[in-house]
Amino acid sequence: MNQGRSIRLFLVDGTPNGLLTAEIMNWTGHVLTGPRSKLAELVQRPECGRTGVYFLIGPDPENSLRSKVYIGESDDVAKRLKQHNRPEIYDGTAGGKDFWEKVCLVTSKDQNLTKTHVKHLESLLIGIANNVGRCDLINGTAHDYGSLPESDRADMAFFLEQIRTVLPVLGFDFLRELSKPSAAVSTSSVTPVSHSPRFNLEVPRYGISAQGQEIDGEFFVLKGSKARAEWVGTERGYQGLFKQLVGEGVMVAQGSDNLVFSDDYAFSSPSAAAAVVCGRSANGRTSWVVEGTGQTYAAWQDQQLNSVT
């Protein structure tokens, strides 16, 4: 069982849509986040005058399942955010970084983060966001800012681990590790992951033969799974997701009869996964069955609940 942690959240103005701070026990880091509409209040906070890393987050109009994210660093975050709020001045173009709707900044309560530290963190964060692939990262590639002393690198590794722990709690998933079932087990995982048994979904009439597995609450369809060649259901539900995965090359044509998953893909639910595989709406709780037993996903889940004493 993973060790629990205590995170302290504080609603600065007492409302859920305003400024929010977050701290983890025994961590010197301090997180401040809020909507762009509250930027005038946010930049007046003392944290914004410190050295830190920050994230600009907004919707991706071309992909409703992901966010657009920019990762930056500064020794005066307030000044940098004011620049980002004037994209036509800061970037030289009318829409350079005008996508963002939320901002999140991470500083240190003891103010021991230096410019070199945050440049190192920025580089690591950009690399992680690129590798995880949960967002459209505006930065592109990470920069090499040189090396820190060994002790400082160890401190920043711990600092980074806490950032990756607290941001998903605030609704920012773009740094959360994607533990793909078909990939080799990572030795750098922030926390251990939980695995379900493997599930199968078969519809021989249409050549459908898919495998799935639930990893830390996300239902993955595994690489090599065969799905229906086209969407045949109503023009609602998961039709958009089906077309999106084809467009992104997650599902590729194999002859004229089927699409094949080119990589593991995480869905929000077993039903979303089943719908995309079948090319129409489907009840994933009954469509997916445990490999080797034929037990439905719903029955397997009920068994887990009934085993709790």
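Quantities reported herein were computed from a predicted structural model and do not represent experimental measurements.

(A) Looking closely at the overall build of the chain. When helices and strands are tallied, the chain shows nine helices and 15 strands. By residue count, 43% of the 309 residues in the chain fall in the buried class. Considering only contacts within the chain whose residues lie at least 6 apart along the sequence, 60% involve residues at least 24 apart. Element-wise, carbon and sulfur atoms account for 48% of the exposed surface of the chain, whose accessible area totals about 15,900 Å².

(B) Highlighting the side chain of Thr51. Following the sequence through the fold, Thr51 ends up in the loop between helix 1 (39-42) and strand 4 (52-59). Take Thr51: its relative accessible area is 16%, and that puts it in the buried class. Leave out the neighbours within four places in its chain, and Thr51 touches Ser74, Asp75, Thr107, Leu113, Thr114, Lys115 and Val118.

(C) Expanded view of the nonpolar core. Ranked by size, the top nonpolar core spans 33 residues in total, and within it Phe55, Ile163, Leu167, Phe174 and Leu175 carry the most contacts. Going through the elements one at a time, strand 2 (20-24), strand 4, strand 5 (67-74), strand 6 (102-108), helix 4 (115-132), strand 7 (135-137) and helix 5 (150-169) are the ones with two or more residues in this core. Among the elements that make up this core, the one with the highest residue count is helix 4 (seven residues). Once residues within four sequence positions are removed from consideration, Ile163 is found in contact with Trp27, Val53, Phe55, Val106, Leu125, Pro168 and Leu175.

(D) Spatial organisation of helix 9 (residues 297-306). Regarding helix 9, the residues found buried are Tyr297, Ala298 and Trp300. Along the axis of helix 9, the buried positions cluster into a sector of 165°, meaning they face one direction only. Where the residues of helix 9 are buried, they touch strand 8 (195-203), strand 9 (208-215), strand 10 (218-221), helix 7 (270-278), helix 8 (284-287) and strand 15 (289-290).

(E) Examining the pairing of strand 5 more closely. The buried fraction of strand 5 is high, at seven of eight residues. Sheet analysis places strand 4 next to strand 5, joined by eight bridges and oriented antiparallel. Along strand 5, the bridge assignment pairs Phe55 with Ile71. Where strand 5 and strand 7 come together, three bridges link them in parallel fashion. In the strand pairing of strand 7, Lys68 is matched with Asp136.

(F) Quick peek at the packing of helix 4 against helix 5. Running from N to C, helix 4 and helix 5 cross one another at 50°; their axes reach a closest spacing of 10 Å. Taken together, the axes of helix 4 and helix 5 are oblique relative to one another. For helix 4 against helix 5, the interelement crossing comes out right-handed. Two secondary-structure elements touch here, helix 4 through His117, His120, Leu121, Leu124, Leu125, Ile128 and Val132 and helix 5 through Asp152, Met156, Phe159, Leu160, Ile163 and Arg164. Residues that form the contact of helix 4 with helix 5 fall into these classes: nine nonpolar, two polar and two charged.

Reading guide: rules and limits
Residues numbered from 1 in each chain as written. Predicted model: local features only at pLDDT ≥ 70, side-chain atom pairs only at ≥ 80, totals over all residues. Heavy atoms only, no water. Helix = DSSP H or I, 4+ residues; strand = E, 2+ residues; numbered from the N terminus. Buried < 20%, exposed > 50% of the residue type's maximum accessible area, 1.4 Å probe, protein only. Contact = heavy atoms within 4.5 Å. Areas by Shrake-Rupley, 256 points an atom, 1.4 Å probe, with all protein chains shown as cover. Core = buried A, V, L, I, M, F, W, Y, C linked by side-chain atoms within 4.5 Å. Arc of directions from axis to C-beta. Pairing = 2+ DSSP bridges. Axes fitted to C-alpha atoms, helices over the stretch in contact; angles between N-to-C directions. Parallel < 35°, antiparallel > 145°, perpendicular 65-115°, else oblique. Left-handed = near helix turned anticlockwise from the far one by under 90°. Nonpolar A, V, L, I, M, F, W, Y, C, P; charged D, E, K, R; others polar.

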